[in-house]
Amino acid sequence: MTNIYQFEAELLDGRNKSFTDYQGKVLLIVNTASKCGFTPQFAGLEKLYEKYKPQGLEVLGFPCNQFGGQDPGSNDQIGAFCHKNYGVTFPMFSKVDVKGPEAHAIFRYLTNNSKGILGSGIKWNFTKFLIGKDGTVLNRFAPTTKPEALEEEIEKALQQ
């Protein structure tokens, strides 16, 4: 597959979302967890979303329980937690695997088209992927990279 628009995923509320709905937008796709040391990054992701959504940014959160069992809740519990504690308004998807044989197709695409410091696999929660308006992976960021550190690259992607 040549871009991200070939995929669909299930939102927290159970509806399927086609990524063709995001054509022409810049995407920041993040595997998230509610009980992780990086969980406070939800606040920074929401700030990016609020600031850049009018210019065409979409932040997409994908809960994952594969790293230390740090997102054990149901989709309803995850959604309530994100909204109550961090005011999350960006789209959150149903819990998925991001590595291994059951990894969601979108994460197989993302990892096959970007390399992390220690190889292509996702090593922890809050790995971030920046997708250009053409649906291709522009960059990948480690869990330790704070959302506010992405502003310059997001702005550049929005201008392309």
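Higher on the page you've got the structure.
Because the structure is a prediction, the values reported are computed rather than measured. (Residues numbered from 1 in each chain as written. Predicted model: local features only at pLDDT ≥ 70, side-chain atom pairs only at ≥ 80, totals over all residues. Heavy atoms only, no water.)

**Some thoughts on unusual backbone geometry**
And step 1. At Phe126, a position not held by glycine, the phi torsion is positive, near 70°.
And step 2. Tracing the backbone shows Phe126 in the loop between helix H3 (105–112) and strand S5 (128–131).
And step 3. Residue Phe126 is classed as buried on the basis of its relative accessible area, which comes to 0%. (Helix = DSSP H or I, 4+ residues; strand = E, 2+ residues; numbered from the N terminus. Buried < 20%, exposed > 50% of the residue type's maximum accessible area, 1.4 Å probe, protein only.)

**Examining the sheet that holds strand S3 (residues 26–32)**
And step 1. As summarised here, the arrangement of the 4 strands in space is S4-S3-S5-S6, forming an open sheet in which the pairing is mixed. Each end of this open sheet is capped by a strand with a single partner; those strands are strand S4 (57–63) and strand S6 (137–141). Going across the sheet, the axis of each strand differs from the next one's by a mean of 15°, ignoring polarity.
And step 2. Each of S3, S4 and S5 is contacted by helix H1 (residues 41–52), which is oriented at about 155° to S4, the strand it contacts most. (Pairing = 2+ DSSP bridges. Axes fitted to C-alpha atoms, helices over the stretch in contact; angles between N-to-C directions. Contact = heavy atoms within 4.5 Å.)

**Some remarks on H3**
And step 1. When H3 is considered as a whole, its buried residues turn out to be Ile106, Phe107, Tyr109, Leu110 and Thr111.
And step 2. Among the structural elements, S3, S4, S5 and S6 are those in contact with the buried residues of H3.

**Some details on the nonpolar core**
And step 1. Counting residues in hydrophobic clusters, the biggest one holds 24 residues, and the most contacted among them are Ile4, Phe19, Ile29, Phe62, Ile106, Phe107 and Leu110.
And step 2. Breaking this core down by element, the ones donating at least two residues are S3, S4, H3 and S5.
And step 3. Broken down by element, the residue count for this core peaks at 4 residues, all from H3.
And step 4. Leave out the neighbours within four places in its chain, and Phe19 touches Ile4, Tyr5, Phe7, Glu8, Ala9, Leu27, Ile29, Leu60, Phe62, Phe93 and Ile106.
And step 5. Ranked by size, the runner-up nonpolar core spans 23 residues in total, among them Val30, Leu45, Val88 and Met92. (Core = buried A, V, L, I, M, F, W, Y, C linked by side-chain atoms within 4.5 Å.)

**Let's talk about the side chain of Asn125**
And step 1. Of note, Asn125 is situated in the loop between H3 and S5.
And step 2. Here the side chain of Asn125 touches Gln70 through a polar contact of 2.8 Å, side chain to side chain.
And step 3. Not counting the four nearest positions on each side in its chain, Asn125 is found in contact with Asn31, Thr32, Ala33, Cys36, Phe38, Cys64, Phe67, Gln70 and Pro143. (Polar contact = N/O pair within 3.5 Å; in protein donor to acceptor, adjacent residues only side chain to side chain.)

**Quick notes on the environment of Thr111**
And step 1. Checked against the element boundaries, Thr111 lands in helix H3.
And step 2. A C-alpha to C-alpha distance of 9.5 Å links Thr111 and Val137, two positions 26 residues apart in sequence.
And step 3. From its side chain, Thr111 meets the backbone oxygen of Phe107 in a polar contact 2.8 Å long.

**Quick look at the pattern of salt bridges**
Any two side chains of opposite charge can pair if their charged atoms end up close together.
And step 1. Applying the stated criterion across every chain, the model contains 4 salt bridges.
And step 2. With a shortest N-O distance of 3.1 Å, Asp21 and Lys17 are connected by a salt bridge.
And step 3. One salt bridge in this structure joins Lys51 and Glu151, with 2.7 Å as the shortest N-O distance. Remark: Glu151 occurs in helix H4 (residues 151–159) and Lys51 occurs in helix H1; sequence separation between them is 100 residues.
And step 4. Classification of Lys51 by relative accessible area gives partly exposed; the value is 45%. (Salt bridge = Lys/Arg side-chain N within 4 Å of Asp/Glu carboxyl O.)

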